[in-house]
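# Report on the structure
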Amino acid sequence: MSQRDKQISECLTTADLWELMMQRVPPIVSEYFRGGADEETTLRGNVRAFQQSMTTAYGALSFSSLDISTEVVGHSFDVPWYIAPVGSLRALYPMGDAIASQVAGEFGTVMTLSTLSGTPMESVAEASEGDCWFQLYLCGGRETALRGIERAKKSGFTALVLTIDTGVSGLRALHAKMKPMQVTGPFRGLGLGEMLKLAFRKLMLAPQMLPRLSWVMDHFRDGGLMQFVNILDENGQPMPYADIGVQLAASAVTWDDLKWIKEAWGDDKPLIVKGVHCAYDARKAEEMGASGVIWSNHGGRQQDRVPPTLHIVSQEMPLMGDTQLDFMMDGGVRNGTDVLIALSYGIKAVGIGRVTAAGIGAGGHVGLTRAFEIMKSDLDRAMRIVGVQSVTEIHDQGADIRRESQLHGDGHLPAIVF
Ligand SMILES: Cc1cc2nc3c(=O)[nH]c(=O)nc-3n(C[C@H](O)[C@H](O)[C@H](O)COP(=O)(O)O)c2cc1C
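Residues numbered from 1 in each chain as written. Predicted model: local features only at pLDDT ≥ 70, side-chain atom pairs only at ≥ 80, totals over all residues. Heavy atoms only, no water.

With that settled, consider empty space enclosed by the protein. Overall, the coordinates contain 2 cavities of 30 Å³ or more when judged by the stated rule. Taken as a whole, the largest cavity encloses approximately 440 Å³ of empty space. What lines the largest cavity is a set of 31 residues, and nearest its centre among them are Pro85, Val86, Gly87, His298 and Arg301. The set of elements that each furnish at least two residues to the lining of the largest cavity consists of α3 (27-34), α13 (244-249), β13 (349-352) and α18 (354-386). When its residues are assigned to classes, the lining of the largest cavity shows 12 nonpolar, 13 polar and 6 charged. In this structure, the second largest cavity encloses a volume near 60 Å³. Lining the second largest cavity are Leu136, Tyr137, Leu138, Leu162, Thr163, Thr166, Gly167, Leu248, Ser251, Ala252 and Val253. Of the residues assigned to the lining of the second largest cavity, the class counts are 7 nonpolar, 4 polar and no charged. (1 Å grid on protein atoms, 1.4 Å probe; cavity = no way out; pocket = protein on both sides within 12 Å on 5 of 7 lines; lining within 4 Å. Points joined across faces, edges and corners; volume = space filled by probe spheres on them. Helix = DSSP H or I, 4+ residues; strand = E, 2+ residues; numbered from the N terminus. Nonpolar A, V, L, I, M, F, W, Y, C, P; charged D, E, K, R; others polar.)

The environment of the ligand is made up of 21 residues, and the closest members are Pro85, Ser114, Thr163, Asp330 and Gly332. Between the ligand and the protein, one listed contact pairs a nitrogen atom with a side-chain N or O atom of tyrosine 137 at 3.0 Å. Between the ligand and the protein, one listed contact pairs an oxygen atom with a side-chain N or O atom of threonine 163 at 2.7 Å. Comparing atom positions with the cavity grids shows the ligand to sit within the largest cavity. Considered class by class, the residues forming the shell around the ligand number 6 nonpolar, 10 polar and 5 charged. (Near = heavy atom within 4 Å. Polar contact = N/O pair within 3.5 Å; in protein donor to acceptor, adjacent residues only side chain to side chain. Sits in = over half its atoms within 2 Å of the grid points.)

Set out below in structure tokens:
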């Protein structure tokens, strides 16, 4: 067993894995995964909302087994979470997206592949023994998106997740200040002055790269700077790694787009709308033919000061009344108790974004497997102590599982590691 694998095996929390990821991956890359919009109020709020939630515990119970399986938009999951779409996972680890889908399949759940990913969707679908979902951005415009949808159908993706909260990209200031786009470019085609400037910028990265040579070697072993291979132009050429903010602003989705997207995807497989903040949009999504909705503030990366997703869930779910939608949520889920609390609001499954980045970044397959094991044993413990035996029971007991906190201030709350 390598030293790294040993460290991973000793991780007891997803925060331990996050710290290993930060040791292995240079800040110019890891900051992309960590950061949130503006002052990061919502990013912290997502985590705090879970930390502030309390549960009850029914005693003198002993269960021989638990049933943590769930069903979402016609998919059976063995665990009540799935991998949320996270762009550029391949920057963390060679073939990162394929590894994520492999681990998701091994745990009986799905990985959602981001449009802004660097691993061909065919390899990602093939890596999983189960199903995969594809998350759609309209980068490159309608024709490009239609090509992506066709390719996803052909590769066997079983649900389409349409993200609606990225009309423009949020300002993730700390990462922007690192000027990643300016240092990652090639020397090719530059004049002498520009070439020297670029060489200097690259040289300035040495202090963060030298202690992280294993990441540097993995990066070059995997072909260096990734391209967006799941966004192909009319000549079949992948979109080069470019400013994502510019791409998103040029490709904002509107409710009208849902019509042609739904038509292209077909009625036989579910369409899920992600980035929903209010019952109004959830109803609209249902009217437009969605079978599922993901309450999400994009992990605090878009509009800062929108409420934590857990608060959106607690406020908006009761307003949904009569609906056929299946509900998911993401944002701030870091452990099994968080999963239990989210499910208690009637959520069918939660998405994990940065926990996935923590696992993949700490050590690819071994790292993400450990993240899933930690989440699973957390949830197992929490369910046994709280006294619920299945996801159905969590749904049925709902508010009875939760307790109002009478603690004031935040002195009792743990530090936010990520
Ligand atoms: C680094 C990073 C990249 C992301 N990329 C995408 C993306 O390409 N498409 C998308 O719909 N959501 C994207 N998201 C949002 C996640 O799907 C999810 O909403 C969020 O990570 C949940 O919060 P959590 O990180 O606290 O789990 C991204 C999130 C992160 C952290």
